[in-house]
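Observations on the three-dimensional arrangement
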Amino acid sequence: MNPNLTYVLVVGVLFATGVTLLLERSLTRVLMGVILLGNGANLLLLTGGRAGGPPIVGTTAEGEMSDPLPQAMVLTAIVITLGMTAFLLALAYRSWHLNGHDEVQDDVEDRRIMELADRDEGPGTADTDGDTDGDVALVTVPADDTTASATTDAGRGR
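Residues numbered from 1 in each chain as written. Predicted model: local features only at pLDDT ≥ 70, side-chain atom pairs only at ≥ 80, totals over all residues. Heavy atoms only, no water.

**Thoughts on the overall build of the chain**
Rules: Counting from the N terminus, the helices are the DSSP runs of H or I reaching at least four residues and the strands are the DSSP runs of E reaching at least two. Each residue is placed in one exposure class: buried if its accessible area under a 1.4 Å probe, protein chains only, is under 20% of its type's maximum, exposed if it is over 50%, and partly exposed if it falls in between. Two residues form a contact once any of their heavy atoms are found within 4.5 Å. Using the Shrake-Rupley algorithm and a 1.4 Å probe, accessible areas are obtained, with residue cover drawn only from the displayed protein chains.
Assigned secondary structure in the chain consists of 5 helices and 0 strands. Each helix and strand of the chain, ordered N terminal to C terminal, gives the series α-α-α-α-α. Among the 158 residues that make up the chain, the fraction classed as buried is 19%. Considering only contacts within the chain whose residues lie at least 6 apart along the sequence, 46% involve residues at least 24 apart. Accessible area for the chain stands at about 11800 Å²; split by element, carbon and sulfur atoms hold 63% of it.

**Examining the pattern of salt bridges**
Applicable threshold: We define a salt bridge as a side-chain nitrogen of Lys or Arg found within 4 Å of a carboxyl oxygen belonging to Asp or Glu.
A complete count under the given rule lists 2 salt bridges for this structure. The salt bridge involving R29 is made with E24; its shortest N-O contact spans 3.5 Å. Its relative accessible area of 45% is what places R29 among the partly exposed residues. Residue classification places E24 among the partly exposed residues on the basis of a relative accessible area of 34%. Across the salt bridge formed by E109 and R112, the nearest N and O atoms sit 2.8 Å from each other. A residue pair is termed a helical-turn pair when its members lie 3 or 4 positions apart in one helix, as E109 and R112 do in helix 4 (residues 108-118) at 3 residues.

**Observations concerning the side chain of S26**
One can find S26 in the loop between helix 1 (5-22) and helix 2 (27-47). Under the relative-accessibility criterion, S26 is labelled buried at 10%. Those residues in contact with S26 that lie beyond four places of it in its chain are D102 and E103.

**Digging into a nonpolar patch on the surface**
Rules: Distance thresholds for patches are 9 Å for like charges and 5 Å for nonpolar side chains (Val, Leu, Ile, Met, Phe, Trp, Tyr), applied to residues having over 30% relative accessible area and no salt bridge.
On the surface, L5, V8 and L9 cluster together into a nonpolar patch covering about 300 Å² of accessible area. Looking at the element boundaries, L9 is found in helix 1. A residue is classified by how much of its surface remains accessible, and L9, at 54% relative accessible area, is exposed.

**Digging into the packing of helix 2 against helix 3 (residues 68-99)**
Definition in use: Helix axes use the C-alpha atoms of the stretch in contact, all axes being lines fitted to C-alpha atoms, and the angles between their N-to-C directions lie in the range 0 to 180 degrees. An angle counts as roughly parallel when it lies under 35 degrees, as roughly antiparallel when it exceeds 145, as roughly perpendicular when it falls between 65 and 115, and as oblique in every other case. Polar here means any residue outside two lists: the nonpolar Ala, Val, Leu, Ile, Met, Phe, Trp, Tyr, Cys and Pro, and the charged Asp, Glu, Lys and Arg; Gly therefore counts as polar.
As a packed pair, helix 2 and helix 3 sit with axes 9 Å apart at the nearest point and diverge in direction by 180°. Judged by the angle between their axes, helix 2 and helix 3 are roughly antiparallel. Residues that form the contact of helix 2 with helix 3 fall into these classes: 17 nonpolar, 5 polar and no charged.

**What to know about the confidence of the model for the chain**
For clarity, the threshold we go by: pLDDT expresses how confident the predictor is about each individual residue, on a scale running from 0 to 100.
For the chain, the average pLDDT comes to 79, and 75% of its residues sit at 70 or higher. Ranking the helices and strands of the chain by mean pLDDT puts helix 1 first, with 94, and helix 5 (residues 146-155) last, with 47.

Here's what the structure looks like:
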């Protein structure tokens, strides 16, 4: 069975719009994105099934029965989408109640990582020798120093 081109285009638009909305900061838009993705997934699952009579033995010939698996998967996807919708609604309500808006704020650690990425520095490429030439100095720990070895052992979680 070849799927209808209209269904395929609608599924593509639902997925594209849903993903675009998921990338927003507002929880209301994220909620709408989850709903659109759920509807796109449901339509995609239904286009994969075979049309026909009811899948009840004795009422329809076996060759003319519809495939019940996509219908069962759509019912499961509806329940999952409903659960995600309820959870995101609760998050948006709680955020609105506490902050007066439903915007998701940046994390402090995310900002630090973005600043390191903007400077093209990874966490292990810091300039430790103090000059500005960009080379990285090696830090050596003497083997007989007990305080340094105790510090490094504690840092490893031993």
